[in-house]
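Spelled out from the first residue to the last, the chains are:
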Amino acid sequence: MFGVKERFGMIILYILITLISAYLVYDHFSQKKKMGYIVIQDVYNQFGLKKDLQKKYETSHTARKRVLDSLAMGVRMIGQKIDAEKGKDTADIRLFKMKRLEFYQRQQTNGQDDSAQMKQYDEQILTQLDQYVNDYGKENNYLYILGNGGNGSIMHADESQNITAQVTQYVNERYEGKK
Amino acid sequence: MTSEEGTGTRRDNVVPDKLAPSQYVSWIEDKNNGMEKEKKIDDIVFSVQYRPVPYVICEEEKKNEISDSLAKRRSAELSGMQYMNLKIEVPQGELLKYGLTKNAQYEDRVNYFSFGMQKDIQLVEAGDTLPCLLFHYERVYDIAPYGVFLLAFPKGKDAEGDKTLIFSDNEFNKGIIKFHFEGKDIKKLPQLETI
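Residues numbered from 1 in each chain as written. Chains lettered and ligands numbered in written order. Predicted model: local features only at pLDDT ≥ 70, side-chain atom pairs only at ≥ 80, totals over all residues.

Asker: What is the right way to look at the overall build of chain A in this model?
Answerer: If you tally the helices and strands in chain A, you get five helices and two strands. Its C-alpha radius of gyration of 33 Å places chain A more than 25% over the 16 Å reference for a compact globule of 179 residues. On the principal axes, the C-alpha backbone points of chain A span a range of 130 × 35 × 20 Å. When the 179 residues of chain A are sorted by exposure, 14% land in the buried category. Long-range contacts, defined as pairs at least 24 residues apart, comprise 83% of the intrachain contacts of chain A with a sequence gap of at least 6. (Helix = DSSP H or I, 4+ residues; strand = E, 2+ residues; numbered from the N terminus. Rg over C-alpha atoms; globule rule 2.2 N^0.38 Å. Buried ≥ 20, exposed ≤ 12 C-beta atoms within 10 Å, placed from the backbone. Contact = placed C-beta atoms within 7 Å.)

Have a look at this one:
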């Protein structure tokens, strides 16, 4: 049979064991969360999708510009012909005005198409970047990943928290389907 | 550790030699074996299933015993191409109606999925870009919130090498989406057990 002192000691022991166990469980499951930042412009510029879409945009833009340049040349040639004829051929003058109008309309359409395509591609890039950076944060246990846009949004951060390189590698591996 | 021959599951890089048709299908569809790749971008899940010729035969026959002569005959007929499925899954509703704001857009999407999307899919292998030669959209209407596109590409210079399927998604505006399959996984596929 246990005496009072023995019982008191056992109670203290049970409490200690319970507290230690509770702390170990908390420590195991608390999963210390990290914070980091990325230089947004660097990640964006080095993102594979951005590079691929930039090439696609330049191909489309060049094709549109080629059509516009061809129209411009046509207008110039008719203009030179009218100058040589000293404006006597009214049919040529009508043609010149028609071609010039077509040129201006095409120039406007090209500008709209360029803007629309750039806007579409920007949305696609940001959609994928958001997803992959978010996934990086979850997989690597980050509480926050802040974006340093160079506009004063992060006034100071220790370079040791700069995870730009790691995030850039990760987003590109995800984009290429290798992760 | 040894492979679980009953389920055909690969553990610790041990690939079973031969599998019965139902086990073969399960093995190919097991994401851990590298023949299915998935990407979730924003609200939409895109996934690609690589379909080796024996897998295509199993799907066609839907039996757990396939004769050797039939397997050889169909393999010879199918061997000139490589096969994949692309699946696009939305959070809810019908894929064809997802995100649409006008009725006219529905017909445009049906046409795109049925015909136009084929040109937005390529397979890159050994530096070559292979076009999608066979394309079929399996409509499930509103039974399930996804659509499956059956794809076939010509065989390239290195049929068992690394390959990347590239899909340019302009319909849901997620951009260029790539799915990469490792040649080392394709080279180590189990064989189909026949009778």
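That shown, we press on.
Asker: Just checking my understanding: could you explain the overall build of chain B for this structure?
Answerer: A tally of regular secondary structure across chain B gives five helices and eleven strands. Expected size for 195 residues packed as a compact globule is a radius of gyration near 16 Å; at 18 Å, chain B falls within 12% of this value. Dimensions along the principal axes, computed over C-alpha positions, put chain B at roughly 55 × 35 × 35 Å. A burial count over chain B gives 28% of its 195 residues as buried.

Asker: Would you mind going over the confidence of the model for chain B with me for this structure?
Answerer: It should be kept in mind that the predicted coordinates are not to be read in detail where pLDDT is low. All names here are of chain B. Summarising the model, chain B shows a mean pLDDT of 91, and 93% of its residues fall at 70 or more. Predicted confidence for residues 1-11 stays below pLDDT 50, and this span has 23 contacts to residues more than four positions away or in other chains. ipTM for the predicted complex: 0.84, alongside a pTM of 0.83. (pLDDT = per-residue confidence, 0-100.)

Asker: Looking at this structure, I do not really get the packing of helix H2 (residues 53-61) of chain B against helix H3 (residues 68-78) of chain B. What am I missing?
Answerer: The relative placement of two packed helices is expressed as an angle between their axes plus a distance between the axes. All names here are of chain B. With their axes 10 Å apart at the nearest point, H2 and H3 run at an angle of 120° to one another. Looking at the two axes, H2 sits oblique to H3. For the element pair H2 and H3, the recorded crossing hand is right-handed. Across the interface between the two elements, Val53, Val56 and Ile57 of H2 pack against Ala71, Arg74, Ser75 and Leu78 of H3. Of the residues contributing to the contact of H2 with H3, the split by class is five nonpolar, one polar and one charged. (Axes fitted to C-alpha atoms, helices over the stretch in contact; angles between N-to-C directions. Parallel < 35°, antiparallel > 145°, perpendicular 65-115°, else oblique. Left-handed = near helix turned anticlockwise from the far one by under 90°. Nonpolar A, V, L, I, M, F, W, Y, C, P; charged D, E, K, R; others polar.)

Asker: Help me understand the sheet that holds strand E4 (residues 81-89) of chain B in this model?
Answerer: All names here are of chain B. Pairing in this open sheet of five strands is antiparallel, and the strands run E2-E3-E4-E8-E7 from one edge to the other. Sheet topology places strand E2 (36-41) and strand E7 (134-138) at the edges, where each strand pairs with a single neighbour. The mean inter-strand angle of the sheet, taken between neighbouring strand axes irrespective of direction, is 15°. (Pairing = 2+ DSSP bridges.)

Asker: I'm lost on the interface of chain A and chain B in this one. Help?
Answerer: Quite often, the size of an interface is put as the accessible area lost when its parts meet. With 14 residues of chain A at the interface, the matching set in chain B holds eleven residues. The set of elements that each furnish at least two residues to the side of chain A that touches chain B consists of helix H3 (48-85) and helix H4 (90-139) of chain A. Across the side of chain A that touches chain B, the residue classes tally to four nonpolar, six polar and four charged.

Asker: Teacher, can you tell me more about the sheet that holds strand E5 (residues 121-125) of chain B here?
Answerer: Hydrogen bonds between backbone atoms are what pair the strands of a sheet, whose relative direction is either parallel or antiparallel. Residue and element names in this part refer to chain B. Spatially, four strands are ordered E6-E5-E9-E10 in an open sheet, and the strand pairing comes out antiparallel. At either end of the open sheet lies a strand with only one pairing partner, and these are strand E6 (128-131) and strand E10 (175-181). Strand-to-strand twist across the sheet, computed as the mean angle between neighbouring axes with direction ignored, equals 25°. Two elements, strand E9 (residues 163-169) and E10, share seven bridges in a ladder whose sense is antiparallel. Looking at the pairing, Lys163 lines up with Phe181 of E10.

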